[in-house]
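One-letter residues, chain by chain:
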Number of protein chains: 2
Amino acid sequence: MGKIFVDRLIDSIKAKNNPTVVGLDPKMDYIPENIVSKNFENFGKTLQGCAKSIEEFNKGIIDAVYDIVPAVKPQLAYYEMYGKYGIEAFEQTCKYASEKGLLVIADGKRNDIGTTSEAYSKAFLGRTKVCGDLFETAFGADALTVNPYLGEDGIKPFIADCISDLKGIFVLVKTSNKSSGQLQDLKTEKGKRIYEEVAELVDLWGNDTVGEYGYSSVGAVVGATYPEQAEALRKIMKKAYILVPGYGAQGGTAKDAAVNFNSDGLGAIVNASRSIICAYKSERWESKYNENSYAEAARAEAIRMKEDLNSAVGG
Amino acid sequence: MGKIFVDRLIDSIKAKNNPTVVGLDPKMDYIPENIVSKNFENFGKTLQGCAKSIEEFNKGIIDAVYDIVPAVKPQLAYYEMYGKYGIEAFEQTCKYASEKGLLVIADGKRNDIGTTSEAYSKAFLGRTKVCGDLFETAFGADALTVNPYLGEDGIKPFIADCISDLKGIFVLVKTSNKSSGQLQDLKTEKGKRIYEEVAELVDLWGNDTVGEYGYSSVGAVVGATYPEQAEALRKIMKKAYILVPGYGAQGGTAKDAAVNFNSDGLGAIVNASRSIICAYKSERWESKYNENSYAEAARAEAIRMKEDLNSAVGG
């Protein structure tokens, strides 16, 4: 029996001294021309050609960062865009990342009523049982992001697989986007914000998956763009590992992200997507790198981000 | 330029005199043994064998009901379970249903921040643009269910494609499951329930897609299991077409579902999944049908449901 998800995540964060997850949100505009033209030549200017380009691009990124970051977070939407070919690229990306020792957090924000959540959970985390035989999980991720709007019977099936298959979930609590407050910030008659109500549930849902560091495999998503709310949420969800999107391209700073960490230097993992995978096109790196060195640029930015975060968290 | 989604939906409901959508949630347990064994023989007892079984099963259901129901609603989770093979079965199911003149409502409950919602919308509703060329949409559905927890910048990209590509969305407002009240029923300091707040947003979001019958292509999901709440919601979202899950196997009756309709006899479409696609195993039909006649059983139950609904709505 291996370790539970949150312990595997923390072990890897400690070993690499890096609380970063690289978001694999590969838009076609990010992919170097030579990769795209080669795959269009082989597979046509088609959805398949796009998906094959993405797969090759992702492998380049993974090769460049696997020894310095603990996890990657492929965003399902950017694969579903290319239909079954995109899903194949997603599968291959998950598999390749796992082989390289990276944890894979599938960013799908899935949610449904209980029986259907069970099916989603089998797809991403658990294993499908057919005619008495247990199949491997289709996508083989280590964790999945989930949406709480349907309440706990839409969440419990995921938690069951977190326990049986040593996987994790990150429940959306306070998202990084501008309009996140429209529902999440509404104040209830008891004076609590909706995101605080969700946070209390996350804390409760995490009770059965607490590991050796005192954290739970039932984590939360809290945007770096809302540091004040994050401070309050950290206190409500004492044992939740927090996945922090919104650093970098979305405007969140290392200082903003740092409030999600505890005094043990743990408790959060910060995502950056565009600023790493498309670093070669960024103002910071474009003079040094070009599309032939997109992977080196991603590595350089991942190292810069690690130092930026560690100095904000440690200091 | 064709008609907008909601008008196509209403035209079809009127032509078939049937406000039913058949939920294609094909669990392996539902599929007749002869279909499964044939596909396991051809494709192995594998995720692919499962997916091929599902595709064949779905086609049988579609052949049996396409002339009497206006729409089908495949539930993504039951396809994702089988990885890329499952997604291929989903694609083929959508394509086959469309060819038979059925509207396809993809039940994915997708949601994310704006730029990512745009990618989801391209996958299901819109068309992907790559290097200046417009690709067809990957899945080619007519509508998609979406989750509102991230607020309007996660919804707007879907609405843009509802306008440009004549598609529709159904926003989760009050879901049919037992724990739906945990967040959705919380009362705000202004005395409104969260599902009422969402309903007001849905009403607003629907303003730019109102068709000839006065309804909008921005619809809502309201469970048949909560008829009291549904009555209140009908008044808040006057122009939203309401997708009603929870009839049949989940316990909602025709009378419960009927409160979602307006005096024009329109305004809602009621989903049944298990009670139709697995009718041959139901108490009601098992003496008359068996696995060799699963499609006829589905047709018989679809006709019974149509009459049940029409008598509750009309009466």
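Position numbers for residues count from 1 along each chain, tracking the sequence in the order it is written. Labels are handed out in written order, letters beginning with A for the chains and numbers beginning with 1 for the ligands. At least 70 in pLDDT is required for a residue's local features to be given in this predicted model, at least 80 for side-chain atom pairs to be given and counted, and no such filter applies to totals for whole chains, interfaces and linings, which use all residues. Hydrogens and waters are ignored; side-chain quantities use all the structure's heavy atoms.

(A) Fine view of the overall build of chain A. Secondary structure elements follow DSSP: runs of H or I no shorter than four residues count as helices, runs of E no shorter than two count as strands, and numbering proceeds from the N terminus. Summing up its helical and strand segments, chain A has 13 helices and ten strands in all. Radius of gyration here uses only the C-alpha atoms, and the compact-globule reference equals 2.2 Å multiplied by the residue count raised to the power 0.38. In terms of overall dimensions, chain A is globule-like: its C-alpha atoms have a radius of gyration of 19 Å, near the 20 Å expected for 315 residues. C-alpha atoms of chain A, sized along the principal axes, occupy 60 × 55 × 40 Å. When contacts within chain A are restricted to residue pairs at least 6 apart in sequence, long-range pairs at least 24 apart make up 72% of them. When the accessible surface of chain A is summed, it comes to about 11,000 Å², and 47% of that surface belongs to carbon and sulfur atoms. The criterion used for residue contact is that any of the two residues' heavy atoms lie within 4.5 Å. With residues, only the protein chains shown are counted as cover, and all accessible areas are computed by Shrake-Rupley using a 1.4 Å probe.

(B) Local environment of the interface of chain B and chain A. With 71 residues of chain B in contact, the opposing surface of chain A contributes 71 residues. As used here, buried area is the combined drop in accessible area, with a 1.4 Å probe, of two parts when they are placed together. Buried surface at the junction of chain B and chain A, summed over both partners, amounts to about 5,800 Å²; 61% is from carbon and sulfur atoms. Counting the surface chain B buries against chain A, the share from its top three residues, Lys-84, Tyr-149 and Leu-183 of chain B, is 13%. Criterion for a salt bridge: a side-chain nitrogen of Lys or Arg within 4 Å of a carboxyl oxygen of Asp or Glu. For the pair chain B and chain A, the number of links is six salt bridges. Of the charged contacts in the structure, one is a salt bridge between Arg-110 of chain A and Glu-80 of chain B, with a shortest N-O distance of 2.8 Å.

(C) Focus on the relation of the copies chain B and chain A. Under the fitted operation, chain B is carried onto chain A by 0.0 Å of movement along the axis and a turn of 180°, and the coordinates agree to an RMSD of 0.0 Å. Look at the turn and shift together and you get a two-fold axis relating the two. Here the copies are superposed with least squares, the fitted atoms being C-alpha atoms of residues at a pLDDT of at least 70 in both.

(D) Geometry of the packing of helix α3 (residues 47-65) of chain B against helix α5 (residues 83-99) of chain B. All names here are of chain B. Packing of α3 against α5 brings their axes to within 8 Å, and their N-to-C directions diverge by 15°. Relative to α5, α3 is oriented roughly parallel. The interaxial crossing formed by α3 with α5 has right-handed handedness. Across the interface between the two elements, Leu-47, Gln-48, Ala-51, Glu-55, Asn-58, Lys-59, Ile-62 and Asp-63 from α3 touch Tyr-85, Gly-86, Ala-89, Gln-92, Thr-93, Tyr-96 and Ala-97 from α5. Residue polarity is assigned by list, with Asp, Glu, Lys and Arg as charged and Ala, Val, Leu, Ile, Met, Phe, Trp, Tyr, Cys and Pro as nonpolar; anything else, Gly included, falls into the polar class. The residue makeup of the contact of α3 with α5, split by class, is seven nonpolar, five polar and three charged. In this analysis an axis means a line fitted to C-alpha atoms, helices contributing only their contacting stretch, and an angle means the value between N-to-C directions, from 0 to 180 degrees. Angle categories are assigned with fixed cut-offs, so that under 35 degrees is roughly parallel, over 145 is roughly antiparallel, 65 to 115 is roughly perpendicular, and the rest are oblique. Take the far helix as the reference: if the near one is turned anticlockwise from it by less than a right angle, the crossing is left-handed, and if turned clockwise, right-handed.

(E) Region of interest: the pairing of strand β9 (residues 240-244) of chain A. Residues and elements named next belong to chain A. Most of β9 is tucked away, with five of its five residues classed as buried. In this scheme, a residue with accessible area under 20% of its type's maximum is buried, one over 50% is exposed, and one in between is partly exposed, where area comes from a 1.4 Å probe on protein chains only. The alternating pattern of β9 places Ala-240, Ile-242 and Val-244 on one face and Tyr-241 and Leu-243 on the opposite face, and all of these are buried. Here the term right-handed applies to a crossover when the path leading from its first strand over the helix to its second strand runs clockwise, the strands being oriented away from the viewer. A crossover connection joins strand β8 (residues 216-222) to the parallel β9 through helix α10 (residues 227-236); in handedness this β-α-β unit is right-handed. Two strands form a pair only when DSSP identifies at least two bridges running between them. Judged from the three bridges that link them, β9 and strand β10 (residues 268-272) form a sheet pairing that is parallel. By the bridge assignment, Leu-243 is partnered in β10 with Ile-269.

(F) Highlighting helix α6 (residues 114-124) of chain A. For α6 of chain A, the buried fraction is high: nine of the eleven residues fall into the buried class. Listing the buried residues of α6 of chain A in full gives Gly-114, Thr-116, Ser-117, Ala-119, Tyr-120, Ser-121, Lys-122, Ala-123 and Phe-124 of chain A. Check the buried side of α6 of chain A and you find it contacts α5 (83-99), β3 (103-110), β6 (143-146) and α7 (156-164) of chain A together with α4 (77-80) and β3 (103-110) of chain B.

(G) How the structure looks around the sheet that holds β3 of chain B. Residue and element names in this part refer to chain B. The eight strands lie next to each other as β1-β2-β3-β6-β7-β8-β9-β10, forming a closed barrel whose pairing is parallel. Direction aside, neighbouring strands of the sheet carry axes that sit 30° apart on average. Packed onto the sheet, α5 meets β1 (20-24), β2 (71-74) and β3 and runs at close to 145° relative to β3.

(H) Molecular detail of helix α13 (residues 294-314) of chain B. Residues and elements named next belong to chain B. Expected helix span is taken as 1.5 Å per residue step, with the number of steps being one fewer than the number of residues. Between its first and last C-alpha atoms α13 spans 30 Å; for 21 residues at 1.5 Å apiece the expected length is 30 Å, and the two agree. Three or more residues of α13 are buried, namely Tyr-294, Ala-295, Ala-297, Ala-298, Ala-300, Glu-301, Ala-302, Met-305 and Leu-309. Residues of α13 that are buried sit in contact with β1, α2 (33-43), α3, α11 (254-258), β10 (268-272) and α12 (274-277).

(I) Spotlight on the pattern of salt bridges. Summed over the entire model, instances satisfying the criterion amount to 46 salt bridges over all chains. Put simply, Arg-304 of chain A and Glu-301 of chain A hold a salt bridge, and the shortest N to O gap is 2.9 Å. Taken together, the positions of Arg-304 of chain A and Glu-301 of chain A, both in helix α13 (residues 294-314) and three residues apart, correspond to about one turn of that helix. Between Glu-301 of chain B and Arg-284 of chain B there is a salt bridge, with the nearest N and O atoms lying 3.6 Å from each other. Linking Glu-301 of chain B in helix α13 with Arg-284 of chain B in the loop between α12 and α13, this pair joins segments that are 17 residues apart in sequence. For Glu-301 of chain B, a relative accessible area of 1% gives the class buried.

(J) Region of the structure containing the pairing of β10 of chain B. Most of β10 of chain B sits out of view: five of its five residues are buried. Because side chains alternate across β10 of chain B, one face comprises the buried residues Ala-268, Val-270 and Ala-272 of chain B, and the other comprises Ile-269 and Asn-271 of chain B, equally buried.

(K) Broad picture of unusual backbone geometry. All names here are of chain B. Phi angles above zero are rare outside glycine, and Asn-17 is one such case at about 50°. Structurally, the position occupied by Asn-17 is in the loop between α1 (5-16) and β1. Positive phi values are uncommon outside glycine, yet Leu-166 reaches one of about 60°. Tracing the backbone shows Leu-166 in the loop between α7 (156-164) and β7 (168-174). Residue Leu-166 is classed as buried on the basis of its relative accessible area, which comes to 14%.

(L) The arrangement of the side chain of Glu-91 of chain A in detail. Position of Glu-91 of chain A among the secondary structure elements: in helix α5. Positive charges are assigned to Lys and Arg, negative charges to Asp and Glu, while His and the chain termini are left out of the count. For the buried Glu-91 of chain A, no salt bridge exists, and the shortest N-O distance to an oppositely charged side chain is 4.5 Å, to Lys-84 of chain B. Here a polar contact means two N or O atoms within 3.5 Å. Within protein one must be a hydrogen donor candidate and the other an acceptor candidate, and residues neighboring in sequence count only if both atoms are side-chain atoms. A distance of 2.7 Å separates a polar side-chain atom of Glu-91 of chain A from the backbone nitrogen of Lys-84 of chain B. Those residues in contact with Glu-91 of chain A that lie beyond four places of it in its chain are Ala-138 and Phe-139 of chain A together with Gly-83 and Lys-84 of chain B.

(M) Broad picture of the packing of aromatic side chains. Planes of paired rings set the category: under 30 degrees apart is stacked, over 60 is edge-to-face and the rest tilted, where pairs are Phe, Tyr or Trp rings (Trp by its six-membered ring) whose centres lie within 6.5 Å. This model, assessed by the stated rule, comprises 18 aromatic pairs over all chains. Relative to Phe-124 of chain A, the ring of Phe-90 of chain A lies with its centre 6.4 Å away and its plane at 70°, an arrangement referred to as edge-to-face. Taken together, the residues span a long stretch of sequence, with Phe-90 of chain A in helix α5 and Phe-124 of chain A in helix α6 at a distance of 34 residues. Residue classification places Phe-124 of chain A among the buried residues on the basis of a relative accessible area of 0%. Residues Phe-5 of chain B and Phe-170 of chain B carry aromatic rings whose centres are separated by 6.0 Å and whose planes lie at 85° to one another, so their mutual orientation is edge-to-face. In this pair, Phe-5 of chain B is assigned in helix α1 and Phe-170 of chain B in strand β7, connecting sequence segments 165 residues apart.

(N) Quick peek at the packing of helix α9 (residues 194-205) of chain B against helix α10 (residues 227-236) of chain B. Residues and elements named next belong to chain B. Interaxial distance between α9 and α10 falls to 9 Å at its minimum, and their mutual angle equals 30°. In terms of orientation, α9 lies roughly parallel with respect to α10. Seen along the crossing, α9 lies across α10 with a hand that is right-handed. Across the interface between the two elements, Tyr-195, Glu-196, Ala-199, Glu-200 and Asp-203 of α9 pack against Gln-229, Leu-233 and Ile-236 of α10. Each residue belonging to the contact of α9 with α10 can be placed in one class, and the counts come to four nonpolar, one polar and three charged.

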